[in-house]
Amino acid sequence: MECEWKPDEQGLQQILQLLKESQSPDTSTQRSVQQRLEQLNQYPDFNNYLIFVLTKFKSEDEPTRSLSGLILKNNVKAHYQNFPNGVSDFIKSECLQNIGDSSPLIRATVGILITTIASKGELQNWPGLLPKLCLLLDSEDYNTCEGAFGALQKICEDSAEILDSDILDRPLNIMIPKFLQFFKHSSPKIRSHAIACVNQFIISRTQALMLHIDPFIENLFALATDEEPEVRKNVCRALVMLLEVRLDRLLPHMHNIVEYMLLRTQDQDENVALEACEFWLTLAEQPVCKEVLCGHLSQLIPVLVNGMKYSEIDIILLKGDTEEDEAIPDNEQDIRPRFHRSRTVAQQHEGDGIEDDEDEDDELDDDDDTISDWNLRKCSAAALDVLANVFRDDLLLHILPLLKELLFHPEWVVKESGILVLGAIAEGCMQGMIPYLPELIPHLVVCLADQKALVRSITCWTLSRYAHWVVSQPPDTYLKPLMTELLKRILDSNKRVQEAACSAFATLEEEACTELVPYLAFILDTLVFAFSKYQHKNLLILYDAIGTLADSVGHHLNKPEYIQMLMPPLIQKWNQLKDEDKDLFPLLECLSSVATALQSGFLPYCEPVYQRCVNLVQKTLAQAMLYQSQPDQYEAPDKDFMIVALDLLSGLAEGLGGTIEELVARSNILTLMYQCMQDKMPEVRQSSFALLGDLTKACFQHVKPCIADFMPILGTNLNPELISVCNNATWAIGEIAIQMGSEMQPSIAVVLHQLVEIINRPNTPKTLLENTAITIGRLGYVCPQEVAPMLQQFIRPWCTSLRNIRDNEEKDSAFRGICTMISVNPGGVVQDFIFFCDAVASWVNPKDDLRDMFYKILHGFKNQVGEENWMRFSDQFPMPLKERLATFYGV
């Protein structure tokens, strides 16, 4: 045995000095401490000093000793592979000897250190660790047992996967039965550790636990009413997870579990109540939910509704008594990063605006995002929302009596919770609520002017959940009064209300679309005034409301007086922001919608906006090249700048059409796009393909020279695993085909096989199917000889995916293509002719020459098979199809 390592007195003093200084609040001191620590890492035994201070230097105060351990933990994280063997062995043995230190802080620090070493892949290289910790659990000394359990819990959290693998010879077979023994320990802290350890292995259905599942569940039931909140919380957490993975084992006890969870959801300790409330959310996703809960709704609903009230602590944190705060600048930490939704090209459908995949904004993340994000109020509201979707109008039986009392309650906190309840059930119980809405909506509009800011803000959200119904009624009845009041709230003196009103208004815009046109001057007045009023965070939401307005009213915005109101404040912000400022994202998105809506009206602003977008793309690409060549010298760029800029360029190309030509001519945008189309990041490729399609439509003369380079890249991106990239590449190919005409011929081989494969794939999203069908049709239109031979392989899915989209240019060119291919290869359609008939009948009014093509094909087929066979064939048609074909085509 080598002699024990001893510290040098002078070295020890130096390190203590450093530890003291690092607790100073002064940042320059902090910085010099960081540098000294980096230098000391050059000495191999520096880490010995750190463990010595943590475990041996008992005269020093605990925070300093703990800090020494935490610095050591960071060194282990960063440099463990470079520790000499002697040092790592010394650290390991010191840790195990001191896991039972009398100070909880030191025990916890040693536990963190052990776990960090273990998670550096060292569980394999420290074979004694788990057996030793398990042995220490049996120690008579409470501190030792608790310290060992603390470390084990952290190891189970960090290394659950490796513990359940063959690498370590499956230690869980011993550990899990061992943990179960401690469920009945006299110390609440130990009981709590024991459950927490086992809980790590539920979701992964770990074999060692599944073997002991029944004793585990029995032990949980035995602890159900434990006096320690932490234990009750872990019991609830276990039951919620078991609901997901071992429902079969809980079902026999379900009645009792539901009764128990009802009690726990009302637990005095909010952390326990929150864990229990998750049970209802999880249960709602299980098919047995209805059957299990139908008898308990009359108890459960009041409990959830009660949980939806703000707690006193919430109100303090939310400054619920502060009414006016509009002049106080925002705390920058509170502003969440925004995610830019890259451009996806979609088709219009019969009877709706545009593809409606995007209602995820509507979830219950309505309000109070400044509190710890997830709390009992939010969980209860989310549970009520999902249960409303399970039970539909049956829920109203239990809710309506409560609602009457809540909504008209004199106490604002109670009234506020009633308004939240009304919003939470909007989606699931809409049908059953309709009879009450004529009375409720005016009441809510009155609540919008409540003296309490928190009531005004929740009312904005709840009204937005009923926007669809409001818009379906005559506009003067509800839409106009609601809009008038909501616009006042956009200018509220409270920031939370401004935010809620802006978001609600964006939802209303999406539902109302052109219904808003008569009120445009009035709306723009408000939104423009808000520009001068808003602090940082709400400005970002205001951009969204303006962009959504432009999307909703389209070209109706293109009036000189509206442009005069709207553009100066937007351009002023645009000029204030630096190229590195992330606030450019929402502003660029907003301008993209505005440019598309204004079309020629955007011309005066076009050039500086275009130039800046090209610069943003160029800067980002340059930064990416630097980072790739010297990652230690340069930062990785934020590619969102480039994505948003590409999307705004698409908006300009779409809005301005051919007038963008001279800007493209004077810039290197096509060279930049060639790089963007090959970027590693899918969203960059997605946006560059959207822009390629838009430029192809707007000024093909500049795109054409690059086509030979672009086509192979488009071909390799027809990978349906990345839906949006694939979708935009597919759409761009179709646009290019229309412009290229017969010159498209050499490119057909590069793309056709993938497209036919995609259209035949099961579970392909609707938007991608439609765009694929249109592009195949367009390729067949310009190169029928090349595409027609494959007709039989795609005609059926082609017809079914295009029957539901509106008559438009894209559908027109695609059907011309299919007709041309049928004339080249009539045999390819014979087996699926009924699908073709159905697709033809989906046209409301095709152009005359297209109608002639349909007429010729239908009559050609009929003459080919003869009257009698045609009768037999057309008898299979559903009645509406038969009638339409007879009326329009006389067959």
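Residues numbered from 1 in each chain as written. Predicted model: local features only at pLDDT ≥ 70, side-chain atom pairs only at ≥ 80, totals over all residues. Heavy atoms only, no water.

(A) Inspection of the overall build of the protein at higher detail. When helices and strands are tallied, the protein shows 50 helices and zero strands. Taking all 891 residues of the protein together, the buried fraction comes to 56%. When contacts within the protein are restricted to residue pairs at least 6 apart in sequence, those whose partners lie at least 24 apart make up 75%. In the form shown here, the protein has an accessible surface area of approximately 39,400 Å², with 52% of it arising from carbon and sulfur atoms. A distance of 1 Å separates the average location of the 75 positive side-chain charges in the protein from that of its 126 negative side-chain charges. (Helix = DSSP H or I, 4+ residues; strand = E, 2+ residues; numbered from the N terminus. Buried < 20%, exposed > 50% of the residue type's maximum accessible area, 1.4 Å probe, protein only. Contact = heavy atoms within 4.5 Å. Areas by Shrake-Rupley, 256 points an atom, 1.4 Å probe, with all protein chains shown as cover. Lys, Arg positive; Asp, Glu negative; His and termini not counted. Charge placed at Lys NZ, Arg CZ, Asp CG, Glu CD.)

(B) Spotlight on the nonpolar core. Trp-280 and Phe-602 are the most contacted members of the largest nonpolar core, which has 322 residues in total. Element by element, the count of residues in this core is highest for helix α35 (residues 640–656), at 11 residues. Setting aside residues no more than four positions away along its own chain, Trp-280 makes contact with Val-258, Met-261, Leu-262, Thr-265, Leu-293, Leu-300, Leu-304 and Ala-383. (Core = buried A, V, L, I, M, F, W, Y, C linked by side-chain atoms within 4.5 Å.)

(C) Focus on the packing of aromatic side chains. Counting across every chain of the model gives 26 aromatic pairs. An angle of 85° between the planes, with centres 5.5 Å apart, marks the rings of Phe-815 and Trp-843 as edge-to-face. Here Phe-815, found in helix α46 (residues 809–824), pairs with Trp-843, found in the loop between α47 (833–841) and α48 (848–865); they are 28 residues apart in sequence, far enough to count as distant. One exposure class covers both Phe-815 and Trp-843, and it is buried. On the basis of an interplanar angle of 80° and a centroid distance of 5.9 Å, the ring pair of Phe-815 and Phe-854 is categorised as edge-to-face. Within this pair, whereas Phe-815 is found in helix α46, its partner Phe-854 is found in helix α48, the two being separated by 39 residues in sequence. Phe-854 carries the same exposure label as Phe-815, and that label is buried. Among the aromatic residues, ring-to-ring pairing joins Trp-798, Phe-815, Phe-833, Phe-836, Trp-843, Phe-854, Phe-861, Trp-870, Phe-873, Phe-877, Phe-888 and Tyr-889 into one connected group. A cation over an aromatic ring shows up here: Arg-612 above the ring of Trp-574, its NZ or CZ 4.8 Å from the ring centre. (Phe/Tyr/Trp six-rings, centres within 6.5 Å; stacked < 30°, edge-to-face > 60°. Lys NZ or Arg CZ within 6 Å of the ring centre and 35° of its normal.)

(D) Molecular detail of empty space enclosed by the protein. Scanning the entire structure with this criterion turns up two cavities of 30 Å³ or more. Along the walls of the largest cavity sit Val-840, Ala-841, Trp-843, Val-844, Pro-846, Arg-851, Arg-884, Phe-888 and Tyr-889, which together make up its complete lining. Secondary-structure elements contributing two or more residues to the lining of the largest cavity are α47 and α50 (879–889). Of the residues belonging to the lining of the largest cavity, the class tally is seven nonpolar, no polar and two charged. (1 Å grid on protein atoms, 1.4 Å probe; cavity = no way out; pocket = protein on both sides within 12 Å on 5 of 7 lines; lining within 4 Å. Points joined across faces, edges and corners; volume = space filled by probe spheres on them. Nonpolar A, V, L, I, M, F, W, Y, C, P; charged D, E, K, R; others polar.)

(E) Quick look at the environment of Glu-285. Within the secondary structure, Glu-285 sits in the loop between α17 (270–284) and α18 (289–293). Residue classification places Glu-285 among the exposed positions, given a relative accessible area of 65%. Expressed as a C-alpha distance, the spacing of Glu-285 and Gly-651, which sit 366 residues apart in the sequence, is 40 Å.

(F) Representation of the pattern of salt bridges. Applying the stated criterion across every chain yields a total of 47 salt bridges. Note that Glu-227 and Arg-191 form a salt bridge whose closest N and O atoms lie 3.6 Å from each other. Highlighted residues: Glu-227 in the loop between α13 (213–222) and α14 (229–245) and Arg-191 in helix α11 (residues 188–199), separated in sequence by 36 residues. On the basis of relative accessible area, Glu-227 is assigned to the exposed category, the value being 62%. Among the ionic contacts, a cluster of salt bridges with common partners joins Arg-456, Glu-485, Lys-488, Arg-489 and Asp-492. (Salt bridge = Lys/Arg side-chain N within 4 Å of Asp/Glu carboxyl O.)

(G) Summary view of the side chain of Lys-415. Residue position: Lys-415 is located in helix α23 (residues 412–424). Judged by its relative accessible area of 16%, Lys-415 falls in the buried class. Separated by 2.7 Å, the side chains of Lys-415 and Asp-450 make a polar contact. Look past the residues within four positions of Lys-415 in its chain and what remains in contact with it is Leu-406, Leu-407, His-409, Asp-450 and Val-455. (Polar contact = N/O pair within 3.5 Å; in protein donor to acceptor, adjacent residues only side chain to side chain.)

(H) View of the packing of α48 against helix α49 (residues 867–874). At a minimum axis separation of 6 Å, α48 and α49 run at an interaxial angle of 120°. In this view, α48 runs oblique relative to α49, as classed from their interaxial angle. Where α48 abuts α49, its residues Phe-861, Lys-862 and Val-865 lie against Glu-867, Asn-869, Trp-870 and Phe-873. Each residue belonging to the contact of α48 with α49 can be placed in one class, and the counts come to four nonpolar, one polar and two charged. (Axes fitted to C-alpha atoms, helices over the stretch in contact; angles between N-to-C directions. Parallel < 35°, antiparallel > 145°, perpendicular 65-115°, else oblique.)

(I) Structural context of a negative patch on the surface. On the surface, a cluster of negative charge is made up of Glu-510, Glu-511, Asp-544 and Asp-551. Counting only elements with at least two residues in the negative patch, the list comes to α29 (495–512) and α31 (536–553). Mapped onto the secondary structure, Asp-551 falls in helix α31. (Patch = residues over 30% accessible without salt bridge, like charges linked within 9 Å, V, L, I, M, F, W, Y side chains within 5 Å.)

(J) Quick peek at α48. Taking 1.5 Å as the rise per residue, α48 with 18 residues should run 26 Å; its terminal C-alpha atoms sit 26 Å apart, in good agreement. When α48 is considered as a whole, its buried residues turn out to be Leu-850, Phe-854, Ile-857, Leu-858, His-859, Phe-861 and Lys-862. Turning to α48, the residues buried within the fold contact α46, α47, α49 and α50. (Expected span 1.5 Å × (residues − 1).)

(K) Fine view of unusual backbone geometry. Backbone geometry places Arg-392, a non-glycine residue, at a positive phi of 50°. With respect to the secondary-structure elements, Arg-392 resides in the loop between α21 (376–391) and α22 (396–407). If you check the backbone angles, Cys-513 has positive phi at about 45° while not being a glycine. With respect to the secondary-structure elements, Cys-513 resides in the loop between α29 and α30 (520–533). Cys-513 gets classed as partly exposed once you look at its relative accessible area, which sits at 30%.

(L) The state of the cysteines, seen in detail. Evaluated as defined, the whole model comprises zero disulfides. Cysteine Cys-156 remains unbridged, with the sulfur of Cys-197 as its closest cysteine sulfur at 4.2 Å. No disulfide involves Cys-676; its sulfur sits 12 Å from the nearest other cysteine sulfur, which is in Cys-613. For Cys-676, a relative accessible area of 0% translates into the label buried. (Disulfide = S-S within 2.5 Å.)

(M) The environment of Leu-113, seen in detail. In this structure, Leu-113 sits in helix α6 (residues 104–122). Judged by its relative accessible area of 0%, Leu-113 falls in the buried class. The spatial distance from the C-alpha of Leu-113 to the C-alpha of Ala-788 is 68 Å, given a sequence separation of 675 residues. If near-sequence neighbours (up to four positions away) are discounted, Leu-113 is found in contact with Ile-51, Leu-54, Gly-69, Leu-72, Lys-73, Val-76 and Cys-95.

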